[in-house]
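Residue-level structure breakdown
If you want the building blocks of each chain, they are given just below.
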Amino acid sequence: MDVGELLNYQPDRGAKRHRDGDGGAAGGDEDSRGGKQHKGLSARELARYREAAAGAGFDGGGEMREAEDLALDKKRILEKLMDQDEDEPEAEPVDESSVKKMILTFEKRSYKNQELRIKFPDNPEKFMETELDLNDIIQEMHVIATMPDLYHLLVELNAVHSLLSLLSHENTDVAIAVVDLLQELTDIDTLQESDEGAEVLVDALLEGQVVALLVQNMERLDEQVKEEADGIYNTLAITENMSEFRPGLCTEAAQQGLMQWLLKRIKAKMPFDANKLYCSEILAILLQNNDNTRELLGEMDGIDVLLQQLSVFKRHNPSTAEEQEMMENLFDALCSCLMLPANRDRFLRGEGLQLMNLMLREKKMSRTSAMKVLDHGMIGQEGADNCHKFVDILGLRTIFPLFMKTPKKMKKAAASEKEHEEHVGSIIASMLRNLKSQQRSRLLNKFTENDCEKVDRLMELHFKYLEAVQQADKRIEGEKHEMVRRGEILDDILEDEFYLRRLDAGLFVLQLICYIMVEISNSGISQLQQRVHQILNLRGGSVKVVRHIMREYAESIGDGKSDEFKEAERKRIMDLVENF
């Protein structure tokens, strides 16, 4: 802050302004000068206008001013600031009566401002003082966020309704002040301090269509202005806080215009910033475990928007850690969308497979995530069309080198070797399940190339993961034995926990590899079956073990699928196992 700005600094305009007559009159005088030339200006704009006028005066006389004068000015300003700090009245203790008093003052000031705005719409100096007063009381209300058990007063005294109505206030400064307040009131840590207070507040906000009002307010904010960009960031924070507290409201939020606004903001031709990153994060949150929002995004051509935004990372790595985080959020959103069968068709039509295939070839940071997207797009019977298209666009040439050799060091630290091998294994297993006729023959021929080198690699992975799972099983058995010795009961929750630990150790990858072994052994190509059994015998493996793993896999198949599908799929797998 230079001296020119310091000279124009007005501490008595802060949250606890001394509202004496002289200050008010002087303020009114300046406001009226601004008002005549700048009809309907906000408090912030008027302040800027005053600064510009004062700054011009300062620059004009700048040449004649001596260094001592500058030092004197600085000293005077510092003294003034310190005097103001000393004059600050001691804060009142926050209790029920002080909160009621504060809400009452807020209601009065809000009403007064509204009244004067209606009475003098073309005369800003008449209502500017009330606008500053209103802004002050909104700032003071931040203290309520420290007492979530008093939130019920905001609802009972109708303050929530009044705050929501101010989101459409003509002066965006007031709307932004309300957004700041709501963001602090809904802070997730605060909400968790008092469930009862939080429930009451969130119910009242939802009843007042808070998301729709927040979206309408964001539509009119200009992100070139720092305060308004911050207002958008805080608005997104409110939606995140509320969806974390009550995940069920994601559908409602998306339908009230949030989804549409997020997609519009993500594809806007603006430089990358914190708001774009936050939008990608909120979008990923809305789509988690929610078929309604996934369908809504598909209907809004959201799949195309995601693919367009991700195409930037086809040949270029993100330039910062924040941009990398945004890329991951967009990939996560795309994976969530592909859980809905209807979106798989949109992904296919939008040439999503071609983009992911290119990303796999380019060896950039996007490669790991592109593989995860392919896995989501091709899995299950709904992925059949994508599987066929992947072979048609020569995807086998891309996926098998990645199967043969796990890249030494993924540039993205979070991507592990196990994750890579799981996605590649899942893609190949999906193709074996879904491909028919010519495309299936092309896939099986890949396993016979170069003296069945891919079968050798498959068996190498089989023994690697079998060992990891056996070690985990040994540890779990030891724990179970110890628990029984202590007289503890092994209930279903514990059994589920142990099963998840086995999956973490590599059981799921092992199941996928065994499935591929069983499928290629049943393909009718004797060369493949002989090679699988030959390596099993050489390394002391056992057909029994493979059958046991596949039976366990068949039992756990098809969560969320119809009973007929589960039964048919189990029967198909068990038939393959019997013939193995």
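Residues numbered from 1 in each chain as written. Predicted model: local features only at pLDDT ≥ 70, side-chain atom pairs only at ≥ 80, totals over all residues. Heavy atoms only, no water.

Attention now moves to the overall build of the chain. Looking only at helices and strands, the chain has 29 helices and zero strands in total. The buried share of the chain, reckoned over its 580 residues, is 48%. In the chain, 77% of the contacts between residues at least 6 apart in sequence involve partners at least 24 apart. On the chain, roughly 29100 Å² of surface is accessible, and the fraction owed to carbon and sulfur atoms is 49%. (Helix = DSSP H or I, 4+ residues; strand = E, 2+ residues; numbered from the N terminus. Buried < 20%, exposed > 50% of the residue type's maximum accessible area, 1.4 Å probe, protein only. Contact = heavy atoms within 4.5 Å. Areas by Shrake-Rupley, 256 points an atom, 1.4 Å probe, with all protein chains shown as cover.)

When you line up the elements, Leu432 lands in helix 24 (residues 417-434). Counting along the chain gives 45 residues from Leu432 to Cys387, while the straight-line C-alpha distance between them is 9.2 Å. When neighbours within four sequence positions are excluded, Leu432 is seen to be in contact with Arg440, Leu443, Leu444, Ile516, Glu519 and Ile520.

Moving on, we come to helix 9 (residues 172-185). The end-to-end C-alpha distance of helix 9 is 20 Å, a good match for the 20 Å that 14 residues give at a rise of 1.5 Å each. Summarising burial for helix 9: eleven of the 14 residues are buried, a large majority. By the burial criterion, the buried members of helix 9 are Thr172, Asp173, Val174, Ala175, Ile176, Ala177, Val178, Val179, Leu181, Leu182 and Leu185. Here helix 9 starts with a cap whose side-chain oxygen sits 2.9 Å from the backbone nitrogen of Asp173, and that cap is Asn171. (Expected span 1.5 Å × (residues − 1). Polar contact = N/O pair within 3.5 Å; in protein donor to acceptor, adjacent residues only side chain to side chain.)

Turning next to helix 22 (residues 384-392). Think of an α-helix as 3.6 residues a turn; residues three or four steps apart then line up on the same face. Among all positions in helix 22, only Ala384, Asn386, Cys387, His388, Phe390 and Val391 are buried. Buried residues along helix 22 sit in contact with helix 19 (341-349), helix 20 (352-362), helix 21 (366-378), helix 23 (396-404), helix 24 and helix 25 (437-485). One or two steps after helix 22, the chain reaches Leu394, where phi turns positive at roughly 65°.

Our next topic: unusual backbone geometry. The phi dihedral of Asn158 falls on the positive side, at around 65°, and the residue is not glycine. Structurally, Asn158 can be placed in the loop between helix 7 (151-156) and helix 8 (159-165). You can call Asn158 partly exposed: its relative accessible area is 43%. Unlike most non-glycine residues, Asn289 shows phi in positive territory, near 45°. If you trace the backbone, Asn289 turns up in the loop between helix 15 (274-287) and helix 16 (291-299). Residue Asn289 is classed as exposed on the basis of its relative accessible area of 75%.

Turning to the nonpolar core, a few remarks are in order. The biggest cluster of nonpolar side chains holds 147 residues, and the ones touching the most others in it are Leu154, Leu283, Met356, Met431 and Ile520. Examining the composition of this core, we find that twelve residues originate from one element, helix 25, more than from any other. Residue contacts for Ile520: discarding those within four places in its chain leaves Leu432, Leu444, Phe447, Val455, Leu458, Leu528 and Val532. (Core = buried A, V, L, I, M, F, W, Y, C linked by side-chain atoms within 4.5 Å.)

With that out of the way, let us pick up the packing of aromatic side chains. Evaluated as defined, the whole model comprises four aromatic pairs. Centroid distance Tyr233 to Tyr278: 4.6 Å. Interplanar angle 50°. Geometry classified as tilted. Residue Tyr233 is found in helix 13 (residues 226-245), and its partner Tyr278 is found in helix 15; the two are separated by 45 residues along the sequence. Residue classification places Tyr233 among the partly exposed positions, given a relative accessible area of 35%. By relative accessible area, Tyr278 is classed as buried at 7%. Both rings, one in Phe400 and one in Phe403, keep their centres 6.0 Å apart while their planes meet at 85°; by these two values the pair is edge-to-face. Taken together, the positions of Phe400 and Phe403, both in helix 23 and three residues apart, correspond to about one turn of that helix. You can call Phe400 buried: its relative accessible area is 2%. Positioned above the aromatic ring of Phe120 is the side chain of Lys126, whose terminal nitrogen or guanidinium carbon lies 5.4 Å from the ring centre. (Phe/Tyr/Trp six-rings, centres within 6.5 Å; stacked < 30°, edge-to-face > 60°. Lys NZ or Arg CZ within 6 Å of the ring centre and 35° of its normal.)

The next subject is the pattern of salt bridges. Counted by the stated rule, this structure contains 33 salt bridges. A salt bridge links Lys100 to Glu96; the shortest N-O distance between them is 3.7 Å. Here Lys100 and its partner Glu96 are both found in helix 5 (residues 96-119), four residues apart, which amounts to about one turn of the helix. With a relative accessible area of 38%, Glu96 lands in the partly exposed category. Residues joined in a network through salt bridges with shared partners are Glu417, Glu421, Arg457, Glu460 and Lys464. (Salt bridge = Lys/Arg side-chain N within 4 Å of Asp/Glu carboxyl O.)

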